[in-house]
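One letter stands for each residue in the lines below.
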Amino acid sequence: MTFTPSVPKLDKGIDSRFCSVLAIYEMAKVTLKTFSFIDALQPQLATFVGMTARGFLPIPGDAALYVEIAPGISINSITDIALKATKVRPAMQIVERAFGLLEVHHADQGEVRQAGVAILGALEIKESDRQKPKIVSNQIIRSMEPDQAIVLNSSRRAWGNMVLPGQSLFILETDPAGYVAFAANEAEKAANVSLVELTPFGAFGRLYMSGSESEIDSARDAAIKALENISGI
């Protein structure tokens, strides 16, 4: 949902300690694409984020919040609000022309939830005003051929696991992109699978997971169910 008031105001619940008048006006025009709370980062996802992000590294068990907005530049103000209001630490702040993504985490779920409350309060919206995720692509390649496994492994980032010949591969694309991290975490909770690649920003989010056929089926079912249960508009 996009909000565009005619003038910026300071008297509607936005704490002036957290943002300037200019920042408030920028946030008033923000579209909330992803707003996703993760109760406990699973070991592979936490490690993958820690290896690929440039900020403060999470550890398994930390709670996390993914916030994705448009336009991307306003994610700077969103980060400022979360950090001033709570003790959360950011693993990533991605600023693109169209979209911006923020991940914050903390061992205390209450701190992460309060960061979300502060962000929503600054935007003057509710969690239910976020964009509902759509599954753009949902594929399983069963019994991966050796040649295709080599191609995938050579093109993946070095921090993920390798796909082994004979394994099954689950590929998921989401819109908005940020929700794919939540899907990955729920899949890892549900099944003994390997995280190969994760891209939670850009036009679409992408997830690659490998494992035995039965485990990949369980991971796929958990990821899709988790996305379908997210409310939004």
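Coordinates for the structure precede this section.
Here's the deal with the overall build of the protein
A count of helical and extended segments in the protein gives 7 helices and 8 strands. Residue burial in the protein is summarised as follows: out of 233 residues, 51% are buried. Once local pairs closer than 6 in sequence are excluded, the contacts in the protein between residues at least 24 apart make up 73%. Accessible surface, the protein as shown: approximately 10600 Å² in total, 53% of it carbon and sulfur.

Considering the pattern of salt bridges
As enumerated under the stated definition, the model contains 9 salt bridges in all. Its salt-bridge partner being Asp 39, residue Lys 189 comes within 2.9 Å of it at the nearest N-O pair. Note that Lys 189 is positioned in helix α6 (residues 179-190) and Asp 39 in the loop between β1 (31-38) and α2 (43-52), a separation of 150 residues in sequence. We classify Asp 39 as partly exposed; its relative accessible area is 31%. The network of salt bridges with shared partners includes Arg 142, Glu 213, Asp 217, Arg 220 and Asp 221.

Thoughts on the packing of α6 against helix α7 (residues 213-228)
Running from amino to carboxyl end, α6 crosses α7 at an angle of 135°, the nearest separation of the two axes being 8 Å. Classified by the interaxial angle, the pair formed by α6 and α7 is oblique. Between α6 and α7 the crossing geometry is right-handed. In contact with Tyr 179, Phe 182, Ala 183, Glu 186, Ala 187 and Ala 190 of α6, α7 contributes Ser 218, Ala 219, Ala 222, Ala 223, Ala 226 and Leu 227. Looking at the contact of α6 with α7 residue by residue, the classes come out as 10 nonpolar, 1 polar and 1 charged.

Observations regarding the environment of Leu 32
By the secondary structure assignment, Leu 32 is in strand β1. For Leu 32, a relative accessible area of 1% corresponds to the buried category. On a C-alpha basis, the gap between Leu 32 and Arg 130 in space is 5.2 Å, while along the polypeptide they are 98 residues apart.

Conventions we followed
Residues numbered from 1 in each chain as written. Predicted model: local features only at pLDDT ≥ 70, side-chain atom pairs only at ≥ 80, totals over all residues. Heavy atoms only, no water. Helix = DSSP H or I, 4+ residues; strand = E, 2+ residues; numbered from the N terminus. Buried < 20%, exposed > 50% of the residue type's maximum accessible area, 1.4 Å probe, protein only. Contact = heavy atoms within 4.5 Å. Areas by Shrake-Rupley, 256 points an atom, 1.4 Å probe, with all protein chains shown as cover. Salt bridge = Lys/Arg side-chain N within 4 Å of Asp/Glu carboxyl O. Axes fitted to C-alpha atoms, helices over the stretch in contact; angles between N-to-C directions. Parallel < 35°, antiparallel > 145°, perpendicular 65-115°, else oblique. Left-handed = near helix turned anticlockwise from the far one by under 90°. Nonpolar A, V, L, I, M, F, W, Y, C, P; charged D, E, K, R; others polar.

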